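Residue-level structural notes
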Amino acid sequence: MTADSAILRALGRRGLELLVLLVSISTLLFFLLRLSGDPAAVLAGEEADAETVALISQRYGFDDPLLIQYLRYLAAMVSLDFGNSLTAQTDALALVMERLGSTLLLALLALVITAAISIPLGAWLGFRPAARSRKWTNALVFILQGIPGYIVGLLLIQLFVVELRWLTSIGNQGPSSWLLPSLTLASFLVPKMVRIVAANTAETMAEDYIRTARATGASDAALLMRHALPNALLGATALIGTQFAFLMSGSLITEVIFAWPGFGALLISSVERLDFPVVQAAVFVIAVLVSVVNAVTDIAFSVIDPRLRTARQSV
Amino acid sequence: MSTQPAFGLFKRRHAGFKKPAMADAMLILGLCMAAILVVLTLVFGLNPPQSANTGSLMTRFKPPALDGYLLGTDQLGRSLAGRVAAGMPWALGVAMVATSISLIVGTAIGLVAASLDGWPRRIIRMVIDTVIAFPSLVIAVTVIALLGRGFWPLALTLGLATWPISARVVFAEAMSIVQRDYVLAADLAGVAWPKIMVFHVLPALRPTLLTMFAFTFADMLIAESALSFLGLGVPLSAPSWGNILSESRESLVVAPWMMLAPAAAIIFSVVALNLIGDGISAISRRNSGRAS
């Protein structure tokens, strides 16, 4: 199979998955909103009087049969019309898109930090796994793996903001305020990534061709750079693809802790206020983003690793 | 070698057996830590000391180990040690129910997918892949906002949002087990597929399920505390670890210790579960390596 058709297949598969995801999630939201009682009352808020509730009910057509409402809802979603935010009174999707850049910046910084820490550390750990210093480091990574990312965030704030007063922890105020949130988000992934890179490196180092290369007099550095690292990087790239959803979950909570102006924080505050148009738009954007990232890693894979093209053929 | 006891910890160590002994040690350490948690929950958690719920302004913000408060007091003068203990049933209870739901649903669907072929299997696999690719916390916060906070909404939501992870693992594992000779023999002997799945494949999944139970339990514990921290988990008045952490944020400057007790409780539990999970998986890998 050629690279092109592999890419097309990957795109087609991800496109179909995205469609299924969007339909099922919006269906879930649609019926949950109606199951949770009178949706008009939910949308109007706790303090609304009967008149407002009736007005909202009429405006959103909650009096129509359920099936009609559902079809109208799906049709509106296809045309990307999520309605206006109930609190800000502006287009819900536009509100979410405004925040996209901040969330992506944070995710990108976190990925860069994750790679910068876990690739060298993992390669070092996996290169000679039995060495004593490696064992202690492994134990340390193991304990770090048990610390939830958001607690890392709280500890970082305590240390750098409250005790040392070096950094700020609120919002996006330029590069110095990027450090703590992106470190926090990276801490969701780093221990996992270190272990994967170390395991891949150790596995490669046990291969016959490494012994052959060593016998021909290749230096440690050459072994690491030419054989162990490329394989380890492959595993790391795969992990980024599968863990992106996890990273998005992490960015929800990281953005709340640091009052970061991304759509995770927007989603949480909209959920708290039951601002449903914004919740739906945010969930929609997150679904599209996750699918795009997965499609891109799929394609990157079939370009980087020729074995996958033939492997996928046999499935 | 085949007479080696299941826990090789007390066996004389050969040079070549360092790794197995390490796996046993991890499992035993993890189980001991888990036992401590269970005992603390049964003794203090279900019957929390008076000081966990009532405090007075006279005793607010006492640092740890002062005036008889082991871990200090919070903004209302309640004992933090008591509150963290009272949070144990919430954390372990929600995680236990959520993990059970996630594993039971996931195993059932994974086994069904493994016994089907063609289109039905592909559809199930696509659903699994699709749900895994979506951030489960996003689903959870939205659903809980609608269903309301509380033990059952939280446990059900977490369980139902994470079953695809167990389903994918069970499916992959079951696919390799159905190719084993004894399954083939059962098939040839005319045993029906549902029976084969339940009586021949499921028992072989035990080490996988035990490992998954530990790791999923850890994930659920983190998710519960994270959601409570966001204010979308257990009721706001409940002394859950996430709620205490969230309250501690308002007193970071005056009472930095408030954060430490619940954070330590979460980390202790998660490390215990990771030790158990890694220990079981290393031991089962060693055993299957020996069998072949």
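Residues numbered from 1 in each chain as written. Chains lettered and ligands numbered in written order. Predicted model: local features only at pLDDT ≥ 70, side-chain atom pairs only at ≥ 80, totals over all residues.

1. Some remarks on the overall build of chain A
Filter applied, for reference: Runs of H or I in DSSP of at least four residues are treated as helices and runs of E of at least two as strands, each being numbered from the N terminus. Burial in this document is a count-based property: other C-beta atoms within 10 Å of a residue's C-beta are tallied, and the residue is buried at 20 or more, exposed at 12 or fewer, or partly exposed in between, with C-beta positions derived from the backbone. We call two residues in contact when the distance between their C-beta atoms, placed using the backbone, is within 7 Å.
Across its full length, chain A carries 13 helices and zero strands. When the helices and strands of chain A are placed in sequence order, the string is α-α-α-α-α-α-α-α-α-α-α-α-α. Here the C-alpha coordinates of chain A stretch approximately 85 × 60 × 30 Å along the principal axes. Within chain A, the proportion of its 315 residues that are buried is 37%. Counting only contacts in chain A whose residues sit at least 6 apart along the sequence, the fraction spanning at least 24 positions is 73%.

2. A short note on the overall build of chain B
A tally of regular secondary structure across chain B gives ten helices and zero strands. Ordered by position from N to C terminus, the α and β elements of chain B give α-α-α-α-α-α-α-α-α-α. With 292 residues in all, chain B has 48% of them scored as buried. A separation threshold of at least 6 residues defines the contact pool for chain B, and within that pool the share at least 24 residues apart is 69%.

3. Some remarks on the packing of helix H5 (residues 92-127) of chain A against helix H10 (residues 220-257) of chain A
Residues and elements named next belong to chain A. This is how the line gets drawn: Helix axes use the C-alpha atoms of the stretch in contact, all axes being lines fitted to C-alpha atoms, and the angles between their N-to-C directions lie in the range 0 to 180 degrees. Crossing handedness: left-handed means the near helix sits turned counterclockwise from the far one by under a right angle, and right-handed means the same turn made clockwise.
Here H5 crosses H10 at 140°, and the two axes come no closer than 9 Å. Considering the relative orientation of H5 and H10, their crossing is right-handed. Contacts between H5 and H10 pair Thr103, Leu106, Ala107, Ala110, Leu111, Ala115, Ile119, Gly122, Ala123 and Phe127 from the former with Leu224, Ala228, Leu229, Ala232, Leu233, Ala236, Ile240, Leu247 and Ser251 from the latter.

4. Examining the environment of B:Val38
By secondary structure assignment, the location of B:Val38 is in helix H1 (residues 18-45). Through-space distance from the C-alpha of B:Val38 to that of B:Leu92 is 8.7 Å; in sequence the pair is 54 residues apart.

5. Things to note about helix H9 (residues 208-215) of chain A
Taken across its eight residues, H9(A) has zero buried, putting it largely on the surface. Looking at the residues trailing H9(A), positive phi occurs at A:Gly217, about 95°.

6. Quick word on the environment of A:Gly146
For A:Gly146, the location among the structural elements is in the loop between helix H6 (132-145) and helix H7 (149-163). C-alpha of A:Gly146 to C-alpha of A:Pro191: the two residues are 45 residues apart in sequence and 8.9 Å apart in space. Here A:Gly146 is in contact with B:Ile267, B:Val270, B:Val271 and B:Asn274, once residues within four sequence places are set aside.

7. Some details on the interface of chain A and chain B
Heads up, the condition is: The residue classification treats Ala, Val, Leu, Ile, Met, Phe, Trp, Tyr, Cys and Pro as nonpolar and Asp, Glu, Lys and Arg as charged. All others, Gly included, are polar.
Counting from both sides, the interface comprises 36 residues of chain A and, opposite them, 33 residues of chain B. Elements represented by at least two residues in the side of chain A that touches chain B include exactly helix H1 (3-35), H6, H7, H10, helix H11 (263-273) and helix H12 (276-304) of chain A. Considering only residue class, the side of chain A that touches chain B consists of 28 nonpolar, six polar and two charged.

8. Quick notes on the nonpolar core
Just so we agree on the cut-off: Nonpolar cores are built from buried Ala, Val, Leu, Ile, Met, Phe, Trp, Tyr and Cys residues. These are joined into a set through C-beta atoms within 7 Å.
Among the nonpolar cores identified, the biggest contains 151 residues, and A:Ala282, B:Val138, B:Ala140 and B:Val141 are the most heavily contacted of them. Ranked by the residues each element gives to this core, the list is headed by helix H2 (residues 80-115) of chain B, at 18 residues. Those residues within four positions of B:Val141 in sequence are excluded, and the remaining contacts are A:Ile268, A:Val271, B:Leu227, B:Leu230 and B:Leu232.

9. Details of helix H6 (residues 181-188) of chain B
For an α-helix the count is 3.6 residues per turn, leaving residues at separations of three or four pointing the same way. Here H6(B) lies mainly on the outside; zero of its eight residues are buried. Looking at the residues trailing H6(B), positive phi occurs at B:Gly190, about 90°.

10. Remarks on unusual backbone geometry
Glycine aside, residues mostly have negative phi, and peptide bonds are mostly found in the trans state. Residues and elements named next belong to chain A. For leucine 80, which is not glycine, the phi dihedral falls at a positive 60°. Topologically, leucine 80 is positioned in the loop between helix H4 (66-78) and H5. Leucine 80 gets classed as exposed once you count the C-beta atoms within 10 Å, which come to 10. Unlike most non-glycine residues, alanine 259 shows phi in positive territory, near 50°. Mapped onto the fold, alanine 259 is located in the loop between H10 and H11.

11. Here we look at the confidence of the model for chain A
It should be kept in mind that the predicted coordinates are not to be read in detail where pLDDT is low. Residue and element names in this part refer to chain A. What counts, and what does not: Confidence of the predictor in every single residue is expressed as pLDDT, which spans 0 to 100.
Model confidence for chain A is summarised by a mean pLDDT of 80, while 92% of its residues fall at 70 or above. The weakest mean pLDDT in chain A belongs to helix H13 (residues 306-314) at 52; the strongest belongs to H5 at 88. The low-confidence segment residues 311-315 (pLDDT under 50) makes two contacts with residues lying over four places distant or belonging to another chain.

12. Considering the environment of A:Ile240
All names here are of chain A. One can find isoleucine 240 in helix H10. Once the C-alpha coordinates of isoleucine 240 and methionine 193 are considered, the two residues, 47 residues apart in sequence, prove to be 8.7 Å apart. The residues touching isoleucine 240, leaving out its near neighbours within four places in the chain, are Leu111 and Thr297.

13. What to know about the confidence of the model for chain B
Residues and elements named next belong to chain B. Taken over all residues, the pLDDT of chain B has a mean of 82, while the share at 70 or more is 86%. Ranking the helices and strands of chain B by mean pLDDT puts helix H8 (residues 206-229) first, with 91, and H1 last, with 83. Complex prediction metrics read pTM 0.84 and ipTM 0.81.

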